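# Residue-level structure breakdown
Here is how the chains run, residue by residue.
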Amino acid sequence: VDGAELTGEFALTSTLESINLRLCYSFRGRPLSEYAAIKLQVYEVTAIDGDALVSGNRVYAVVSAQAKAYFAGTGVSTGDEMFWALPNATDCECLEAGCTAYSSTRGGLQLVTSTTSSTFTITPAALGTAPMQDYLSLCYSFHGEPFKLYDNFRVLVHQITAPKVTIAAVSGGVLGLLPRTITFSGTHITDGDTARWLWLGRYQIRYPQNCDQLDQARYSVDLFDGAIAGNKATVSAIAGSNNASGQATFVFNSTIDGAVLCYKFSSAATLPWVQFDTSILSVAVTENPFVSLEIADILPSGAAVGHNTLVTISGTGFESAAAWVSNATRIYNAGRWTPLQTGSAACEFSDGSARERNLYMRSTVMVSATATEIVCEAPAIWPRGGEVTVTLVAHGCSDEEEQNGVCDGVAVTKTFYFYSPGSILAMRVTPSGAPQGQIDTLVTVHGYLLGSASTNAYHDLGRLRLRTSIDGGAFIDTVGSMPDAARSDLVAPLPYVAPRGTNTFAVAQLAVSLDANYFTNVSLGPTFTFYNALVEDGLPLGGPGGPLNAATLTIRGQGFIKLVGSPAICRFKNDATGTFKRTAAAVVEADNTAVCAAPKGAAFGTYSVTLSLNGGFHYDPVLFDGISFEIYDLSLVTVTAASPPGGPIGGGTRVEVAGTNFRKYGTGELGCVLIAPDGTVHLLSATLLLAPERLSCITPASAVPGNATVHATLNGGGP
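Residues numbered from 1 in each chain as written. Predicted model: local features only at pLDDT ≥ 70, side-chain atom pairs only at ≥ 80, totals over all residues. Heavy atoms only, no water.

### A look at the overall build of the chain
Across its full length, the chain carries 3 helices and 50 strands. Counting across all 719 residues of the chain, residues that qualify as buried make up 46%. Put simply, 67% of the contacts in the chain that link residues at least 6 apart link residues at least 24 apart. Taken as a whole, the chain presents about 33400 Å² of accessible surface, with 53% of it coming from carbon and sulfur. (Helix = DSSP H or I, 4+ residues; strand = E, 2+ residues; numbered from the N terminus. Buried < 20%, exposed > 50% of the residue type's maximum accessible area, 1.4 Å probe, protein only. Contact = heavy atoms within 4.5 Å. Areas by Shrake-Rupley, 256 points an atom, 1.4 Å probe, with all protein chains shown as cover.)

### Concerning the environment of Y496
Locating Y496 in the fold gives a position in the loop between strand 33 (489–493) and strand 34 (506–513). Y496 gets classed as partly exposed once you look at its relative accessible area, which sits at 49%. Ignoring any residue separated from it by four or fewer positions in sequence, one finds Y496 in contact with G437, Q438 and I439.

### Here's the deal with the sheet that holds strand 47 (residues 681–685)
Reading across from one edge, 47-46-50 is the order of the 3 strands in this open sheet, with antiparallel pairing throughout. The open sheet has two free edges, formed respectively by strand 47 and strand 50 (709–713), since each of these has just one partner strand. Averaged over all neighbouring strand pairs, the angle between strand axes comes to 25 degrees, with direction disregarded. Bridging between strand 46 (residues 671–675) and strand 47 involves 5 bridges; their strand directions are antiparallel. The partner of V673 across the bridge, within strand 47, is L683. (Pairing = 2+ DSSP bridges. Axes fitted to C-alpha atoms, helices over the stretch in contact; angles between N-to-C directions.)

### Quick word on the sheet that holds strand 27 (residues 410–419)
Pairing in this open sheet of 5 strands is mixed, and the strands run 20-27-26-22-23 from one edge to the other. The open sheet has two edge strands with one neighbour each: strand 20 (302–304) and strand 23 (361–365). Averaged over all pairs of adjacent strands, the angle between strand axes in this sheet comes to 30 degrees, irrespective of strand direction. Pairing analysis gives 5 bridges linking strand 22 (residues 345–350) to strand 23, with the strands arranged antiparallel. Opposite F349, over in strand 23, you have R362 as the bridge partner.

### Some words on the pattern of salt bridges
Under the definition given, this model contains 8 salt bridges. Between R487 and D489 there is a salt bridge; the shortest N-O distance is 3.1 Å. (Salt bridge = Lys/Arg side-chain N within 4 Å of Asp/Glu carboxyl O.)

Just distances and angles here, no functional claims.
Structure, rendered in structure tokens:
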């Protein structure tokens, strides 16, 4: 039959030698004929490798260090693209709020080069927050084709996540005698890993400035008066930890104020030394009130320049600090070099740990100290943005205590971040609307315009917040997150808005904060619309399938709205297979209609159709069941005869049109299409008669006599 379509399914092995296959086809048992013009190109990744050689299609990478992956297979070539997908990903798409398919934290979207390899850098935020995630899966695209997920091809991500702060105590100023065991947590920690501590507090050229310099043989333990913080220690994995933790023992030769961790994984000899600035070590004498701290968190981990922000250091073992701070006899010693402050303890914010040489340092009085937390106030005036060191300093030492280091500062973080409030923008929100009555509606607020490159102005300071004002009402703050540390995207739930009735709306204005203290201007932020839409029915309820046909479905209802930045879509779910396809929908607010394009190339059969007014994040409720839409094979709809074969020019003749596969797809959709002798096309309503199957319609008047052509239509005049 002319225009007929057939579907054939076949499976390809991953060992094909050719990427260009030609079609061979047999018609009803006749000999195969080759159709050289019809070609099938086959692509497949069959193996990956890396500079850090591993077996089983695994590549090793260490966070913050550049890595390379090599690809082999059928059709792999220069110009292909790849990225690493989230752990447990089921495909290479991201449809939920805040998801970025090829996040910069996971190495970003990379081109495959002439060596069929890609270079990438994984950041510490790549694996997310779920426990025991230590890998990313490959997504690969051949020559612009859709990305395919290869879950069995993985990059094994090595990182150290703890300790965040370690404070080692030594007795009475005696150093280098007692070993100190430190526990590390992370991923792929194994026996034979190596750890050292690098103290960057001396600011002299001859001292090591990075982990590679520290590893050079000429930098011995005793050299530079403690610039190297302790010995190089071998790590032993803790049994039963699934390579998530290990321990190493150090001997320290000097009091230290904020050393950073250098770590080398032993999984492969080519893995580099990596510096982890979030793992901080300080060594102080036991009489120092801050040596017993077991710090769990520092929140927020940054502040806006020009805004006073309270910073809470929480954990256990703060009793000595609390006693010192509350001791009225521990007054400030005005003879010291520290900037004048009152109180028995201070919080210092500096651009480095060499306090005596620091040009950028501010000291604030410690606000409070209890057995579980210390509260500092970040200075409102800071000369420049960026990461700084926070040091806790005891005041009021006697001369003897001063000499013994009791009032030496103890660094608790080197990554406290001061940011410019003017760089934090809330430009748009995705989606820009959602149905009323939804619980925990997630949205993503973007700090950049649609189509513009993302900035990295947002930083997760541990207290990300979304502020919402609904219809000009009171502010409601909800906790946010940043799925991609390299993009200015903040994801958070909106407050609950109860249904207000069809065709009623609520409008919210939004603002964001990185530290729960400074917020962007809510009156200048993006708006979000809570709507209450209802789907009632649709017409026609069927349309022809195939690549040459463009069937449409018009959905009718109430409360339809066109949202800026969140275009409406229709989802066609195949009732037989459960798979679905999405197509664009054109919303006409005045008519409360949405016109959906049926998916081209979809299999014949019935589909359940649902409408989303906000880009697929929520699907609007229907009056009863979902709209049932059939994609039918037009070649099976036939007209075999018309009776009577003629009638008067004045019209009014009832004609019965015989044929096959006539269906009713809604009121007014089934009809006869009559083309008059002068070419005029008439759409005639029809009644479906059964036994035998036929259509009944009444002819119109004709301007001239002659032969007329009669067709059947199942969808209001369409094919």
